[in-house]
Amino acid sequence: MEIDGRDFLNTPPVKTVRFGGSVAETLAKHKQGDSSDYELLKHQLADPEIKDAQIINWLQEFRSCVTQLTKDHEQLIYTILRLPWVGRSHAVVEEYMAFLSNLVSAQTVYLCACLKMVVSHFTPKRVTICEGGVDISDSDDEDENLPRNFDQCHQALQLITRYVPSTSRFLMPILQENFPFVQKSSRTLECYVHNLLRITTYIPSIQRDILEVIIGKMLKLDVSASRSDIEEAEENGVQNQQTEEGLFDMDEDMSGDQPSRTAVMAHPVAERLDTLMAVLMAYIKDVCHVNDTLHVERTKDLYRDLLSVFDKLILPTHASCHVQYTLFYLCSFRVALAEAFLDHLWKILQSPSQPAVLRQAAAGYLGSFLARAKFIPVLTVRACLDLLLSWIHRYIDSQDSSGRQACCDISLHGPFYTACQAVFYTIIFRHRAMLEGNMKKGLEYLQSLNLERVVMCQLNPLKVCLPSVTSMFAAITRTYQVVFCYTIIERNNRHMLPVVRSSAGGDSVTTNTNPLDSFFPFDPYLLKRSGKLIEPLYQVWEELSDAELLPTKTGQQGSREDEDDFLSGETPKAEGIVGMTPSSYGSNICSPSSVGSPPIAF
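Heads up: these notes are all about the structure in this document. Everything numeric in this text was worked out from a predicted model, so none of it was measured. (Residues numbered from 1 in each chain as written. Predicted model: local features only at pLDDT ≥ 70, side-chain atom pairs only at ≥ 80, totals over all residues. Heavy atoms only, no water.)

Because each turn of an α-helix spans 3.6 residues, side chains separated by three or four positions in sequence point in the same direction. Taking 1.5 Å as the rise per residue, helix α13 (residues 268-288) with 21 residues should run 30 Å; its terminal C-alpha atoms sit 31 Å apart, in good agreement. Within α13, 16 of the 21 residues are buried, leaving the element largely enclosed by the surrounding structure. (Helix = DSSP H or I, 4+ residues; strand = E, 2+ residues; numbered from the N terminus. Expected span 1.5 Å × (residues − 1). Buried < 20%, exposed > 50% of the residue type's maximum accessible area, 1.4 Å probe, protein only.)

In this section: the environment of Ile 199. Tracing the sequence through the fold places Ile 199 in helix α9 (residues 186-199). On a C-alpha basis, the gap between Ile 199 and Gln 158 in space is 8.8 Å, while along the polypeptide they are 41 residues apart. With residues up to four places along the chain from it excluded, the contact list for Ile 199 reads Phe 122, His 154, Leu 157, Leu 171, Leu 175, Ile 206 and Ile 210. (Contact = heavy atoms within 4.5 Å.)

Looking now at α9. If you check α9, its first and last C-alpha atoms are 20 Å apart, about what 14 residues at 1.5 Å a residue would give, namely 20 Å. Of all the 14 residues making up α9, 10 are buried; the element is thus mostly covered by neighbouring parts of the structure. For α9, the set of buried residues is Ser 186, Thr 188, Leu 189, Cys 191, Tyr 192, Val 193, Asn 195, Leu 196, Leu 197 and Ile 199.

The phi dihedral of Asn 291 falls on the positive side, at around 50 degrees, and the residue is not glycine. Summarising the element assignment, Asn 291 is placed in the loop between β5 (289-290) and β6 (293-294). Positive phi, close to 65 degrees, is recorded for Asp 292, a residue that is not glycine. Mapped onto the elements, Asp 292 comes out in the loop between β5 and β6. What makes Asp 292 exposed here is its relative accessible area of 70%.

Taken as a whole, this structure holds 21 salt bridges when the rule is applied. For the salt bridge of Glu 39 with Lys 42, the shortest nitrogen-to-oxygen distance reads 3.6 Å. Taken together, the positions of Glu 39 and Lys 42, both in helix α2 (residues 36-45) and three residues apart, correspond to about one turn of that helix. Glu 39 gets classed as partly exposed once you look at its relative accessible area, which sits at 41%. With its nearest N and O atoms 2.5 Å apart, the salt bridge here joins Arg 453 to Asp 397. Highlighted residues: Arg 453 in helix α21 (residues 451-456) and Asp 397 in helix α18 (residues 378-401), separated in sequence by 56 residues. We classify Arg 453 as partly exposed; its relative accessible area is 26%. Look at the salt bridges and you will find they share partners, linking Lys 29, Asp 34 and Asp 37 into a network. (Salt bridge = Lys/Arg side-chain N within 4 Å of Asp/Glu carboxyl O.)

Okay, empty space enclosed by the protein next. Within this structure, the stated rule accounts for two cavities of 30 Å³ or more. Counted as a void, the second largest cavity has a volume near 30 Å³. What lines the second largest cavity is simply Leu 342, Trp 346, Leu 366, Cys 384, Leu 387 and Leu 388. Of all the secondary structure elements, the ones that give two or more residues to the lining of the second largest cavity are α16 (335-349) and α18. (1 Å grid on protein atoms, 1.4 Å probe; cavity = no way out; pocket = protein on both sides within 12 Å on 5 of 7 lines; lining within 4 Å. Points joined across faces, edges and corners; volume = space filled by probe spheres on them.)

The analysis is restricted to geometry; functional conclusions fall outside its scope.
Laid out in structure tokens, this is it:
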């Protein structure tokens, strides 16, 4: 049927018409039991083709009778909150924000619904693509209006906060619940984390809570991608790329336009983590600097908040490889921050009221931070060694005076052994810096530490520390004639290997190569983009010169160039390992390359 040349059956009407009475009339009729206009109103508000003029019209009417929109009108309010306002014309956005302000002021019962609605726009809208008959759904990465849309969301949140000062209390659980699954695309996670961090700029009271939520999620990613998995994926990725490039020699002018594939991590979890680390480190830099100058108060506040999250989440997590670098990066801004962090770790290590497992973790952080952070001056390294060694010597005194025969028992003396290992590890990495300039003074200092007493004591730390740390420490201290460890190492090696009950049944003779469950949290950083910020601050492992090694042993060096493989080849076999939890085994301790100790088997 055609009228005036229009096909009425197949052409939708132009949507400028409104059905039913005004909002005020509709609400009045609904109150008297006639809900036909009310249902029609909800139906028209939910129309995906709704026009700007209609939205503005309705919102103005809703604002005029906002006091009537009580809890009874929940379904109607939810329909208004689903209106597509973000990214619409300036007039719609303005009108919508005015409506939100009026609604939360008059009806605080809808505060959480309004907050949920705003937070739902923190990630790119979802699009469904059909590939091979399968619907694949994820974020729409092509939307170039995203920055503007996010601006509008934050404007709305700021307005709500102005009208309802207690907003922050209700906002935190919503931010937590709406956090995208960590399996989502890097882009979705990046947008959400960026928006969460942005909230802290206008609601600073929840900075710590927001950091805790973000770091908790990042730790989940971090522990699910072990060092060895990331390295293996990278090696395979490089090989595949070389093969592809061999097959297709692109024209030079074409390849110039291609995005750099080398900046993308081959391991999908590592890629997501790299993206989030880059966002978080950019935030740390921006919060702490105003016009490229360090803002002391803001830096202190951020340090306190990050430290609190460190104590609660990072320190007790044994297998994380990268998230802890947020503090490493922040501490590089000022020596005072690095010293405060070292002091904090030291207090945990020497506190008898702390659980042994946390004291041992703190010792691991202490040694690893002193060894790897280039920005820590030698004076600070020496001050820390003085503290550690005076505590170690007091510990040995207390064992000697107890009258009992001290025995090499990790469950009794775990913090002592990790403190010793932290000292050995620091000396391995920092001895050159301590000796250069004035060799005589440096040697006098090393001798004043009385390391010989530590090595010779009945608790026998060399037996428990990682073999790679022990052998490196022995080589260096022998060269400078500070301690001679080899007699003890040989005696330890001659002792009977322990018989360990195998998990597969039966006895198996094995040595636990990592009885302390050692963990060096600042081992080489593997993520590519965020790693660019860490690189200039990081002390890589430098091979010892031949003069520093025993002449008879240098043949066993087997060094691999350009690799920081300080704990090479020490991964214990899973079978028959005692005292290692599945989460800590193999995931960070020692991978085939790169965990923290040179490839020298003494």
